[in-house]
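Structural description and commentary
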Amino acid sequence: MARMIRIFDTTLRDGEQSPGASMNVEEKVMIAKQLARLNVDIIEAGFAYSSPGDFEAIRRIAQEVEGPTICSLARARPEDIDRAWEALKGAPKVRIHTFLSSSDIHLKYQFRISREEALKRAVEMVQRARGYVDDVEFSPMDASRSDPNYLYEVLEAVIEAGAGTINIPDTVGYATSQEFGLLIRGIRERVKNSSKTVISVHCHNDLGLAVANSLAAVVEGAGQVECTINGIGERAGNASLEEIAMGLRTRKDFFDADTGIRTEEISKTSRLVSKITGMVVQPNKAIVGANAFAHTSGIHQDGLLKEKSTYEIMKPESIGLVQSKLVMGKLSGRHAFRQRLEELGYRLSEEELNHAFERFKRLADQKKEMYEEDLEVIVSEEIAKIPERYVLKGLHTESGTHKVPTATVELEIGGRLAKQTGTGDGPVDAAYRTIAAITQTKSRLLTYVVKAITGGTDAQGEVSVRMEEGGRTVTGHGADTDIIVASARAYLNALNKLAYWASRNTDPAQKVGLI
Ligand code: KIV
Ligand code: ZN
């Protein structure tokens, strides 16, 4: 029987370290619930000590998400370990993941401590974490650039101290696949007590090798892979979960290993993470890119028509990519709406359901056919809502071949109405300039992306923007059958997020650093 490899998902921790990918608590809880449906083994829900937002997200996820083990990251410091426990306590399956560098480069220049001191601290912090939980993971950061003999020594000591998982990070994405596989083999052969622990790997993608390195490690006996949805993460990102899961599933014959991932949930999870983080998936991205299952060459199409296996190594349905399903229409009632959402895996509170249903009715008036993806957008926006300082009350634009694009915008700001008209290079630009003038924002628009949620000219357009103000970066989303309205909603959503983080005087992106 194939060896089962644990999937440790770090989308909410390392993934969130992607510039501009900060998520609020509701958004994290929503992703965590989807990760549970995907059946990951462990969710690294955040880094409890780093910010009140992370602490709250871990606490909520540990309380509300059933199935996976919930984990918090902690530096090898007493205050971090204690805070991780505070966030996790009371939940049924929890893990503390503590880390300290093992490479001389990090110890000498960054931590400014000796190897002996680092080893002692690692052991003490694993013991401290074991005082709280049975499930402790230790990572020697920058393992792939460490002196192997010192690395073996650290690993043996932390296993002895009670680490049930030792995670080997290729922190800067430096290792080649063969090298990394040999490193894992070396650990298995040279660390005396390695059989008492699970060897995990955590690879970064700086040289585009994160997935290849993780799979090379599996071949050499790694039993856990750390990865993220869509491969998001610090710098060039982490190993992509969907590539690891589908690689192992598709080539089980070669790896003799598999995961418990419900692969049919992959596509939906990828869409959700992309929408919430604002990190657009490149069309040619393996598994989840828009072109991943599109065959255009005539020769390929000819082969496929004769026999699918000629050019198709995975079925689109295996990742949940099915023909968009018509789910409901204008006449569907509230009860049917709730039932359909529950079938899709969403449980809303009465209040959320009322708002979502109102929005559904409005959309159903504009759009004849409603698809699963339309419902996903409504629900994700409802659940992940933040307080709205600026509310769009009205928008009228005029544009055309011989017209100066003009927008009239009406906003409600703190209970008062404000209306203004402005011009721009196009209707979106006119709307954005006018909103900027009304709100007097000092923010900068960094990116603007529009895409159709489903096919057809009556499809909802989904707009994602990334905006920056005073060093804070946020993403905003808006969806509507009118893309100018969707654009205005996305812009206001980002402005509301900036206002929200400013009022709380916290910023999800400005946390305590990892060191
Ligand atoms: O890349 C890395 O080394 C990390 C550690 C905290 C595991 O993210
Ligand atoms: Zn990392």
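Residues numbered from 1 in each chain as written. Chains lettered and ligands numbered in written order. Predicted model: local features only at pLDDT ≥ 70, side-chain atom pairs only at ≥ 80, totals over all residues. Heavy atoms only, no water.

1. Considering the overall build of the chain
- Secondary structure assignment for the chain yields 17 helices and 18 strands.
- Its C-alpha atoms give the chain a radius of gyration of 24 Å, near enough to 24 Å, the size a compact globule of 515 residues would have.
- Each of the 515 residues in the chain was classed as buried or not, and the buried ones make up 55%.
- A separation threshold of at least 6 residues defines the contact pool for the chain, and within that pool the share at least 24 residues apart is 67%.
- Across the chain, 66 positive and 72 negative side-chain charges occur, with their mean positions spaced 2 Å apart. (Helix = DSSP H or I, 4+ residues; strand = E, 2+ residues; numbered from the N terminus. Rg over C-alpha atoms; globule rule 2.2 N^0.38 Å. Buried < 20%, exposed > 50% of the residue type's maximum accessible area, 1.4 Å probe, protein only. Contact = heavy atoms within 4.5 Å. Lys, Arg positive; Asp, Glu negative; His and termini not counted. Charge placed at Lys NZ, Arg CZ, Asp CG, Glu CD.)

2. Quick word on the domain arrangement of the chain
- Domain assignment breaks the chain into domain 1 (3-277), domain 2 (325-383) and domain 3 (390-504).
- Computed over C-alpha atoms, the centres of domain 1 and domain 3 are 38 Å apart.
- Listed by partner, the interface residues are eight residues for domain 1 and seven residues for domain 3.
- Buried area between domain 1 and domain 3, summed over both chains or domains, comes out near 680 Å², and the portion from carbon and sulfur atoms is 42%.
- Considering only the side of domain 1, the residues that lose the most area to domain 3 are Gly20, Asn24 and Lys275, jointly responsible for 54% of the buried surface there.
- Applying the counting rule to domain 1 against domain 3 returns two salt bridges.
- For Lys275, the salt bridge goes to Glu462, with nearest N and O atoms at 3.5 Å.
- The interface formed by domain 1 and domain 3 includes three residue pairs in polar contact (both at pLDDT 80 or more).
- Classifying every residue of the side of domain 1 that touches domain 3 by side-chain character gives two nonpolar, four polar and two charged. (Domains from an automatic or database assignment. Buried area = accessible area lost by both parts, 1.4 Å probe. Salt bridge = Lys/Arg side-chain N within 4 Å of Asp/Glu carboxyl O. Polar contact = N/O pair within 3.5 Å; in protein donor to acceptor, adjacent residues only side chain to side chain. Nonpolar A, V, L, I, M, F, W, Y, C, P; charged D, E, K, R; others polar.)

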